[in-house]
Amino acid sequence: MATIVMESIGRVFISLQQIRQLPRMLTQAAPSMPGTLRDTEVPFYFRERYVHYGYRPLDQNWRYYFLSMFQRHNETINVWTHLLAFLVFLVKFHQLSETVDFVSDSHSWPLLVLVLSSLTYSALSAAAHLLGGKSELCHYCFFFLDYVGVAQYQYGSAVVHYYFAVEEGLHQRVSGIFLPVAALLSCLSCLGCCYGKYCNHSLPPWVRKVCQVVPSTLAYVWDSSPVAWRLWAWSSNDPAVVYHFGQVAFFLSCAFFFTFPVLERLLPGRCDFLGHSHQLFHVLLSCCTWCQIHGSYLDYVGRRELYQRLHRGWEAAFAVGLYVVTFGGCAAIAAVMLQKVKHVLQPQSKSK
């Protein structure tokens, strides 16, 4: 017994020693890390409107971009907001797994889809903002993956809204078509975002924004219709309604900051590191997701009699299967668009 305790203490001591060496490693790496650049020093497809400083140089080694998460640049907060959100969702998943049987209870599978899709979109978004600055091809590749993450999260939202939040009156109208339509709209959203990014060279910024916003708006309206119906029939005895109201309020707020770069437009050059609209978009979206997860959990616990009566036994498995298909469809869309990007970039690289 004493030997086991001493071995455990030794492992902890080694881990602490490694952690203590981390600042020294970063300090040693810092002199080899180039400084940030002005917007005029990077290709135009990397530039953000009204953000003048803090761009990382291209074509550095991968080590530089990974370590740049500890460097001050205009993507630092974007990376950390989603990394921290990922950790929060992971802790929430652990808490849920202590009370929810995700293996044996098929009615919990829609909640599992939402949590997994939340973890996926936050991880892919963090990777896009951290590694997408290496080259033009990496920029497209990682942000296409980001769009796949957003699209599969849209479907994950649709699943829990339809399965747990839906009222009986709406269920009678959309039963049998809600999830297939949600999957189709998620794929269209992914296509719109990828196409807008692909046409980065040829379309003005507002057209690219329309390609991203319009399909996502259609998906959100459809996916959130059960929640809107639920809020319309609000009951003071329903504890989940507060969280559903919160997720709607947070989402509308984050959609506003995603569409309109208000802060950096009012203060150009002053929000390059902290305070520009995309950072607020990340924070508000993470708050929206947390409210959504917790509200869906309360529905899972408190509305079991209703959703067991509304949904047939195979519907939860169908929702999970359709999630896999949607994820695969969005990944295929991103792969096709990436091939189109490569065809555009090849002549440019040869001319150099």
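The numbers attached to residues start from 1 for each chain and follow its sequence in the written order. Given that the model is predicted, a residue must reach a pLDDT of at least 70 before its local features are reported, and side-chain atom pairs must reach 80 or more before they are shown or counted; all residues, however, enter totals for whole chains, interfaces and linings. The side-chain figures draw on all heavy atoms in the structure; neither hydrogens nor water molecules are used.

1. Quick look at the UniProt feature "binding site: Zn(2+)" (unreviewed entry) in the protein
As a reminder, the rule being used: UniProt positions are given in the numbering used here, feature names are shortened, and annotations may be inferred rather than shown by experiment. Working rule for contacts: check all heavy atoms of both residues, and any pair within 4.5 Å makes them a contact. Going along the chain from the N terminus, every DSSP run of H or I of four or more residues is numbered as a helix, and every run of E of two or more is numbered as a strand. The buried label applies to any residue whose accessible area, calculated with a 1.4 Å probe on protein chains only, is under 20% of its type's maximum; exposed applies above 50%, and partly exposed to all values in between. N or O atoms closer than or at 3.5 Å make up a polar contact, with two conditions inside protein: a donor-capable atom paired with an acceptor-capable one, and, for residues adjacent in sequence, both atoms drawn from side chains.
UniProt records the feature "binding site: Zn(2+)" (unreviewed entry) at His129, His278 and His282, using the numbering of this structure. These annotated residues cover 154 residues of sequence, but their C-alpha atoms sit close together, with the largest distance between any two at 11.5 Å. For histidine 129, the residues in contact, after removing those within four places along its chain, are Arg56, Glu75, Asn78, Val79, Phe143, His278 and His282. Along the chain, the position of histidine 282 falls in helix α12 (residues 277–302). Classification of histidine 282 by relative accessible area gives buried; the value is 1%. With sequence-adjacent residues up to four places away left out, histidine 282 is seen in contact with Asn78, Thr81, His82, Ser125 and His129. Within the local environment of histidine 282, its side chain forms a polar contact with the backbone oxygen of asparagine 78, the two atoms lying 3.2 Å apart.

2. As for the nonpolar core
Inclusion rule: What makes a nonpolar core is a set of buried Ala, Val, Leu, Ile, Met, Phe, Trp, Tyr and Cys residues whose side-chain atoms join them at distances within 4.5 Å.
One finds Phe144, Tyr147, Cys190, Cys194 and Cys330 to be the most contacted residues of the largest nonpolar core, which totals 28 residues. Elements with a contribution of two residues or more to this core: α2 (62–67), α4 (109–131), α5 (136–165), α7 (178–198) and α14 (315–351). Here this core gets 8 residues from one element, more than from any other, and that element is α5. Grouped together as the second largest cluster of nonpolar side chains are 24 residues, Val115, Tyr163, Leu285 and Ala316 included.

3. Some points on helix α10 (residues 240–259)
Stated formally: By definition here, a helix of n residues has an expected span of 1.5 Å times n minus one.
The terminal C-alpha atoms of α10, which comprises 20 residues, lie 29 Å apart, in line with the 28 Å expected from a rise of 1.5 Å per residue. Three or more residues of α10 are buried, namely Ala240, Val241, His244, Gly246, Gln247, Val248 and Cys254.

4. Re the packing of helix α3 (residues 76–97) against α4
Counted only if it meets this: Convention adopted: a line fitted to C-alpha atoms gives each axis, helices being fitted over their contacting stretch, and angles between N-to-C directions are expressed from 0 to 180 degrees. The cut-offs work like this: below 35 degrees is roughly parallel, past 145 is roughly antiparallel, 65 to 115 is roughly perpendicular, and the gaps in between are oblique. Crossing handedness is defined as follows: a turn of the near helix away from the far one that is anticlockwise and smaller than a right angle gives a left-handed crossing, while the clockwise case is right-handed. Under the grouping applied here, Gly and all other residues not named as nonpolar or charged are polar, the nonpolar ones being Ala, Val, Leu, Ile, Met, Phe, Trp, Tyr, Cys and Pro and the charged ones Asp, Glu, Lys and Arg.
Put simply, α3 and α4 touch, their axes get as near as 8 Å, and they point 160° apart. Between α3 and α4, the interaxial angle falls into the category roughly antiparallel. Note that α3 runs across α4; the crossing there is left-handed. Residues Asn78, Val79, His82, Leu83, Phe86, Phe89, Leu90, Phe93 and Leu96 of α3 form the contact with α4, whose participating residues are Leu111, Leu112, Val115, Ser118, Leu119, Tyr121, Ser122, Ala123, Ser125, Ala126, His129 and Leu130. Of the residues that constitute the contact of α3 with α4, the class distribution is 15 nonpolar, 6 polar and no charged.

5. Quick look at the pattern of salt bridges
As a reminder, the rule being used: Just to be clear on terms, a salt bridge is a Lys or Arg side-chain nitrogen sitting within 4 Å of an Asp or Glu carboxyl oxygen.
A full pass over the atoms with the stated rule returns 8 salt bridges. Between aspartate 39 and arginine 38 there is a salt bridge whose closest N-O contact spans 3.5 Å. Among the residues examined, arginine 38 registers a relative accessible area of 30% and is labelled partly exposed. Where aspartate 238 meets arginine 230, a salt bridge forms, and the shortest distance between an N and an O atom there is 2.7 Å. Like aspartate 238, the residue arginine 230 is buried in the burial classification. One connected set of salt bridges, linked through shared partners, spans Glu167, Arg230, Asp238, Asp299 and Arg303.

6. As for the UniProt feature "transmembrane region" (unreviewed entry) in the protein
UniProt records the feature "transmembrane region" (unreviewed entry) at residues 77–97, 109–131, 143–165, 177–198, 241–260 and 317–338, using the numbering of this structure. Helix makes up 100% of residues 77–97 and strand 0%, whereas the separation of the span's terminal C-alpha atoms amounts to 30 Å. For residues 317–338, the helix share is 100%, the strand share is 0%, and the end-to-end C-alpha distance is 32 Å.

7. Overview of the packing of aromatic side chains
Remark: the centre distance and the inter-plane angle together describe each pair of aromatic rings, the angle taken between the planes. For the record, the criterion: When two rings of Phe, Tyr or Trp (its six-membered ring) have centres within 6.5 Å they constitute a pair, described as stacked for plane angles under 30 degrees, edge-to-face for angles over 60, and tilted for the intermediate range.
A complete count under the given rule lists 24 aromatic pairs for this structure. With centroids separated by 5.1 Å and ring planes inclined at 70°, the aromatic side chains of phenylalanine 164 and tyrosine 307 adopt a geometry described as edge-to-face. Here the residue phenylalanine 164 occupies a position in helix α5, and tyrosine 307 occupies one in helix α13 (residues 304–310), the gap between them amounting to 143 residues. The exposure classification of phenylalanine 164 matches that of tyrosine 307, with both residues buried. Look at tyrosine 243 and tryptophan 290: their rings are 6.2 Å apart centre to centre, the planes differ by 55°, and that puts the pair in the tilted class.

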